[in-house]
Amino acid sequence: MAISYNNITYDKIMIPLRDKLRTEFKGALPVYFDSKDKEVGNKSLRIYPNSQTLQDKRTKSYINSYEIEMNYVINTYRSNEKALDEMYKDVTRIETILHQNSNGGSIPYFYAGMPTIEHNIDTDIPNAMVSKITVPVLYEEVHERFVRFVTSNDNFFVTSSGSFYIVRN
Amino acid sequence: MATASTNAWKVNVEETIQSGMKSEFFSSLPVFRSRDFQQRGNQFAILRGNSSDPQNTMYSLVANSYNLSFEFFMSDLKRNDISIKKFFNQVSRVEETFYSLLEIDPLFNITINSIDYEDDEEFKGYRKATFDLTVRNVR
């Protein structure tokens, strides 16, 4: 019997974050998931998780902090103040969106703190300015618990394929 | 007469994890015990024991915390949204398997301290999730 589970990182962390940003920027800022920067339009935002760390483990649930990295990329052929201002403006707007949507509503996530921002980081994309925004996201997942079925002679039920025979707790 | 002992790393820890993964994934996620990276197919995992810490050795039972890494690799040649979703889906399924299935045995307690996500040229197109595990086991 397969266990039931959620695609936590993608469905509970990345998608709500992307949807919030897409709703705000309405196509003016393409938002995509990838581990590497791509050349997408004049400006874009890449989202990808770096890691997750256990915060608390309970009997039937666990709480993780997901470190989500976002790279804001704006193309510019020369380093001018106009592009710089636009980058600062958009990054501040993203920061404000995260602050205003720090709670997930029906999804039990929330941003564990304000994002860390680094401007002018190195990237493989030529003629571009990049800001890196890193935000910690907390999420609690409730998991199933099973017990072994113990027989009267102190053995466990085991199926012929070698898998555990499991009974809901 | 030689002392009777159990190969705790193998029997109590690593084979329990392999068995739990096999119960959930069958042959779609082979779990190998190896020190080094070896390419084993589209999707596989490498289990590596790092260290163990004693909990209490003054009783008739031996209680240890075993620290391991579980490296999950998934080949991703498409590099699109769907393949990223599939990767994180498998990561969540592995995580759930650790917590749901492997703790059936009351003497086996597992904690996933962290998961690091990597994606580098050296993995030949694989996405990688490294689980940092601590297993508490009594024998």
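The rules we used
- Residues numbered from 1 in each chain as written.
- Chains lettered and ligands numbered in written order.
- Predicted model: local features only at pLDDT ≥ 70, side-chain atom pairs only at ≥ 80, totals over all residues.
- Heavy atoms only, no water.
- pLDDT = per-residue confidence, 0-100.
- Helix = DSSP H or I, 4+ residues; strand = E, 2+ residues; numbered from the N terminus.
- Contact = heavy atoms within 4.5 Å.
- Core = buried A, V, L, I, M, F, W, Y, C linked by side-chain atoms within 4.5 Å.
- Buried < 20%, exposed > 50% of the residue type's maximum accessible area, 1.4 Å probe, protein only.
- Buried area = accessible area lost by both parts, 1.4 Å probe.
- Salt bridge = Lys/Arg side-chain N within 4 Å of Asp/Glu carboxyl O.
- Polar contact = N/O pair within 3.5 Å; in protein donor to acceptor, adjacent residues only side chain to side chain.
- Nonpolar A, V, L, I, M, F, W, Y, C, P; charged D, E, K, R; others polar.
- Pairing = 2+ DSSP bridges.
- Phe/Tyr/Trp six-rings, centres within 6.5 Å; stacked < 30°, edge-to-face > 60°.
- Lys NZ or Arg CZ within 6 Å of the ring centre and 35° of its normal.

## Some details on the confidence of the model for chain A
Residues and elements named next belong to chain A.
- Confidence in the prediction of chain A, expressed as mean pLDDT, is 84, and 82% of residues score 70 or more.
- Looking across chain A, the model is least confident in strand β8 (residues 166-168), with a mean pLDDT of 50, and most confident in strand β1 (residues 31-33), with 95.
- Counting contacts from residues 158-162, a segment whose pLDDT is below 50, to residues more than four positions away or on other chains yields four contacts.

## Quick word on the nonpolar core
- Formed by 64 residues in total, the largest nonpolar core has its most connected members in Leu 21 of chain A together with Ile 17, Phe 70, Phe 98 and Phe 131 of chain B.
- Excluding residues within four positions of it along the chain, Phe 131 of chain B makes contact with Leu 68, Ser 69, Phe 70, Phe 72, Val 91, Val 94, Glu 95, Phe 98, Ile 112, Ser 114 and Ile 115 of chain B.

## Quick notes on the interface of chain B and chain A
- Chain B puts 34 residues into the contact, and the matching count from chain A is 38 residues.
- Summing both sides of the interface, chain B and chain A together bury roughly 3300 Å²; the carbon and sulfur share of this comes to 50%.
- The three residues of chain B that bury the most area against chain A are Glu 96, Ile 104 and Tyr 117 of chain B, which together make up 20% of that side's buried surface.
- Where chain B meets chain A, there are two salt bridges.
- Counting across the chain B and chain A interface gives 19 residue pairs in polar contact (both at pLDDT 80 or more).
- At the level of secondary structure, the elements contributing two or more residues to the side of chain B that touches chain A comprise α1 (8-25), α2 (81-100) and β4 (108-119) of chain B.
- By residue number, the principal contributor to the side of chain B that touches chain A is α2 of chain B, which donates 13 residues.
- Its residues placed into classes, the side of chain B that touches chain A shows eleven nonpolar, ten polar and 13 charged.
- Two elements, strand β2 (residues 43-57) of chain A and β4 of chain B, share three bridges in a ladder whose sense is antiparallel. Looking at the pairing, Thr 53 of chain A lines up with Ser 114 of chain B of β4 of chain B.

## Side note on unusual backbone geometry
Residues and elements named next belong to chain B.
- The phi angle at Phe 26 is positive, at roughly 55 degrees, despite the residue not being glycine.
- Along the chain, the position of Phe 26 falls in the loop between α1 and β1 (31-33).
- In this model, Arg 79 sits at a positive phi of 55 degrees, which is unusual for a non-glycine residue.
- Checked against the element boundaries, Arg 79 lands in the loop between β3 (63-75) and α2.

## A few points about the pattern of salt bridges
- Inspection of the entire model under this criterion finds 21 salt bridges over all chains.
- Glu 69 of chain A is paired through a salt bridge with Arg 46 of chain A; the nearest N and O atoms lie 3.1 Å apart. Taken together, the residues Glu 69 of chain A in strand β3 (residues 61-75) and Arg 46 of chain A in strand β2 connect sequence positions 23 residues apart. The two residues Glu 69 of chain A and Arg 46 of chain A agree in class, both being buried.
- The partner of Glu 118 of chain B in a salt bridge is Lys 128 of chain B, with the nearest N and O atoms 3.8 Å apart. Highlighted residues: Glu 118 of chain B in strand β4 and Lys 128 of chain B in strand β5 (residues 126-138), separated in sequence by ten residues.

## Focus on the packing of aromatic side chains
Residues and elements named next belong to chain B.
- This structure, assessed with the given rule, holds 14 aromatic pairs over all chains.
- For the ring pair Phe 44 and Phe 73, a centre distance of 5.1 Å and an interplane angle of 20 degrees mean the geometry is stacked. Here Phe 44, found in strand β2 (residues 43-56), pairs with Phe 73, found in strand β3; they are 29 residues apart in sequence, far enough to count as distant. We note that Phe 44, like Phe 73, is buried.
- Centroid distance Phe 70 to Phe 98: 5.3 Å. Interplanar angle 85 degrees. Geometry classified as edge-to-face. Of this pair, Phe 70 sits in strand β3 while Phe 98 sits in helix α2; the two residues are 28 residues apart in sequence, bridging distant segments of the chain. Like Phe 70, the residue Phe 98 is buried in the burial classification.
- Arg 40 extends its terminal NZ or CZ atom over the ring of Phe 32, reaching a point 4.0 Å from the ring centre.

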